[in-house]
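# Observations on the model geometry
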Amino acid sequence: MHDAAHGVTLDEIYHARARIKGQVSRTPLWHSRALSERFAAEVYLKLENLQPTGAFKLRGVTNMIAALIERHGHDALAKGVTTASTGNHGRAVAYAASRLGVPAVICLSTLVPANKVAAIEALGATVTRIGQSQDDAFEEARRLVKEEGMTLIPPFDDPLIASGQGTIGLELLEDQPDLDRVILGLSGGGLLGGTGAALKAIRPQLNVTGVSLSAGAAMFESLTAGHPVAVEEVESLGDSLGGGIGLDNRCTFALVRDVMDDHFQVSESAIANAMIDMLEQEKMLVEGAAVVGLAALEEHQIDIKGQKVALVLSGNGVSLETLDQARQLAKR
Ligand SMILES: *Cc1c(COP(=O)(O)O)cnc(C)c1O
C-alpha cells in the first residue's frame, strides 16, 4: 500500500473528496435491524443506490472530469468525453458531463438492458450501441478518442476513477470507525480497490471482502492467474458486474491484489434470493450487483457473528423484467 504503483493513495482520495463535494451525495450508512438479527452481527448498508444517477459510479467520474478541467482547463474537453459501460458508468458520465458543460458519447454493448439505455439518453448524452460485449463497446470508445479527439473516461481502470470511488471508504469510517469488515461487489475493481485503499490506510485490520459472479469473474480469474486474463461475458442478474478488466490493466489489478482480503463467488439463485430479501425485509429495491454481499453471506455462510459489517448497496439499476426473473428464480 505504500509504494502505490497503482497511483491510488489516501491523499488522492482526500483530493477526490474535495473535488466531488456538492456534486455527489454523501450517502447514509443505514443500520439494518433485520440483517443484524439474522446474522447475530451489527450489519450496516451503505446506500449508494441513493446517488442521483442511482449508483456509486458518479464519484469516480465526477472526480476524473473535475480533475481534468482543473489540470488542463475546460477547453481541453471541448470535443467531449466518451466511455463504454454496462449502464451505471455511462449514466454517471452523461450526468457529470452535462453538469460540467462537456458533451458526451456513451458506447454500449447490445446486451445492456433497454431501461439503462433510455436513462442515459434522458441525461442528454448520445448513445451508440455496438457489439456483444463490453470489450467491443470499449473498442468503439477508443476509436472516438483516436479519430474524433474525444477524451476517454474509463469505467474503473484509472487512479482518478478508483480514488473517487474510494471516498466511500472515508465516509464508512467516519460513520462507523470500528467496522470489522466491508463487503463489496467486484468487477473491474474500481469500487473495491478505491474503497479498500481508503479503508486499509485508515484501519489496516479491517477485512475487505470482494464478491464476484460465478461465471465471467474476470478480476478473480486474473488474480488467480497472476496477470490480467480475458473471460467470456455472460448474462446475469448482476449484469453491472460483467465485463473484463482489460488485458493492459494498469491500475485496478495491482490495487485489488493489494487491498482485498477475502473473495467469494455467488450463484444466480443466491443473487435472486438476496434481491427479494432486500425488497421484502428492508423494503429496498436495488439491482443484482448491489446485493452480492448479502448473497455471499447467505450462500457461503460467512461467519460474521459479533462483527460490525457494512455491505455496499452499489446501485439501483433494475428493470421490472429483471425483478420478475429474480422472483421466479427465488421461487417466492
Ligand atoms: C460498476 C458496478 C459495480 C462494480 O464496480 P467495479 O469498480 O467495476 O468493480 C458494482 N455494482 C454496481 C451497481 C456497479 O454499477
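Residues numbered from 1 in each chain as written. Predicted model: local features only at pLDDT ≥ 70, side-chain atom pairs only at ≥ 80, totals over all residues. Heavy atoms only, no water.

Under an unreviewed UniProt entry, the protein has the name Hydroxyectoine utilization dehydratase EutB and belongs to Halomonas binhaiensis. Quoted verbatim from the Sequence similarities (unreviewed entry) field of UniProt, the annotation for the protein is "Belongs to the serine/threonine dehydratase family." Per its UniProt entry, the protein bears the Cofactor (unreviewed entry) comment "pyridoxal 5'-phosphate". (UniProt positions renumbered as here; feature names shortened; annotations may be inferred.)

A few words on the domain arrangement of the protein. Reports often express the size of an interface as the amount of accessible area lost when the parts come together. Domain parsing of the protein yields domain 1 (10–56 + 158–329) and domain 2 (58–152). For domain 1 versus domain 2, the separation of C-alpha centres amounts to 22 Å. At the interface, 36 residues of domain 1 touch 26 residues of domain 2. When residues of domain 1 are sorted by the area they lose upon contact with domain 2, Arg-19, Thr-53 and Leu-160 head the list and together hold 27% of the total. Scanning the region where domain 1 abuts domain 2 turns up three salt bridges. A salt bridge links Arg-59 to Glu-171; the nearest nitrogen and oxygen atoms lie 2.9 Å apart. Seen at the junction of domain 1 and domain 2, the total is 13 residue pairs in polar contact (both at pLDDT 80 or more). Residue assignment for the side of domain 1 that touches domain 2 shows that the elements contributing at least two residues are α1 (10–20) and α7 (159–175). With eight residues, the single largest contributor to the side of domain 1 that touches domain 2 is α7. The class makeup of the residues in the side of domain 1 that touches domain 2 is ten nonpolar, 16 polar and ten charged. (Domains from an automatic or database assignment. Contact = heavy atoms within 4.5 Å. Buried area = accessible area lost by both parts, 1.4 Å probe. Salt bridge = Lys/Arg side-chain N within 4 Å of Asp/Glu carboxyl O. Polar contact = N/O pair within 3.5 Å; in protein donor to acceptor, adjacent residues only side chain to side chain. Helix = DSSP H or I, 4+ residues; strand = E, 2+ residues; numbered from the N terminus. Nonpolar A, V, L, I, M, F, W, Y, C, P; charged D, E, K, R; others polar.)

Once that is clear, we can look at the nonpolar core. Ranked by size, the top nonpolar core spans 39 residues in total, and within it Leu-45, Ile-271, Met-278, Ile-304 and Leu-311 carry the most contacts. Elements that contribute at least two residues to this core include exactly α2 (33–39), β2 (42–47), β8 (207–213), β9 (262–266), α11 (268–282), α12 (292–300), β10 (308–313) and α13 (320–330). By residue number, the principal contributor to this core is α11, which donates seven residues. In this structure, Ile-304 is in contact with Phe-39, Ala-40, Ala-41, Val-43, Arg-181, Leu-297 and Val-309, ignoring residues within four places of it in sequence. One finds Ile-13, Leu-184, Leu-186 and Ala-218 within the second-largest nonpolar core, a separate group that totals 33 residues. (Core = buried A, V, L, I, M, F, W, Y, C linked by side-chain atoms within 4.5 Å. Buried < 20%, exposed > 50% of the residue type's maximum accessible area, 1.4 Å probe, protein only.)

Among the residues of helix α5 (residues 114–122), Lys-116, Val-117 and Ile-120 are the ones counted as buried. Buried residues of α5 fall within an arc of 100° about the axis and therefore sit on the same side. What points out from α5, more than 90 degrees from its buried face, is the exposed set Ala-114 and Ala-122. Lining the buried residues of α5 we find α4 (88–99), β4 (104–108) and β5 (126–129). Note on α5: the residue one or two positions beyond its end, Gly-124, has a positive phi of about 95°. (Arc of directions from axis to C-beta.)

Let us now look at the site of the ligand. Close to the ligand lie 15 residues; Lys-57, Gly-189, Gly-190, Leu-191 and Ser-314 are nearest. Lys-57 places a polar side-chain atom, nitrogen or oxygen, 2.6 Å from an oxygen atom of the ligand. A distance of 2.7 Å separates a nitrogen atom of the ligand from a polar side-chain atom of Ser-314. Burial of the ligand by the protein chains amounts to 98% of its free accessible area of 380 Å². Applying the majority rule of atoms within 2 Å of the grid points places the ligand in the largest cavity. Looking at side-chain class alone, the shell around the ligand contains five nonpolar, eight polar and two charged residues. (Near = heavy atom within 4 Å. Areas by Shrake-Rupley, 256 points an atom, 1.4 Å probe, with all protein chains shown as cover. 1 Å grid on protein atoms, 1.4 Å probe; cavity = no way out; pocket = protein on both sides within 12 Å on 5 of 7 lines; lining within 4 Å. Sits in = over half its atoms within 2 Å of the grid points.)

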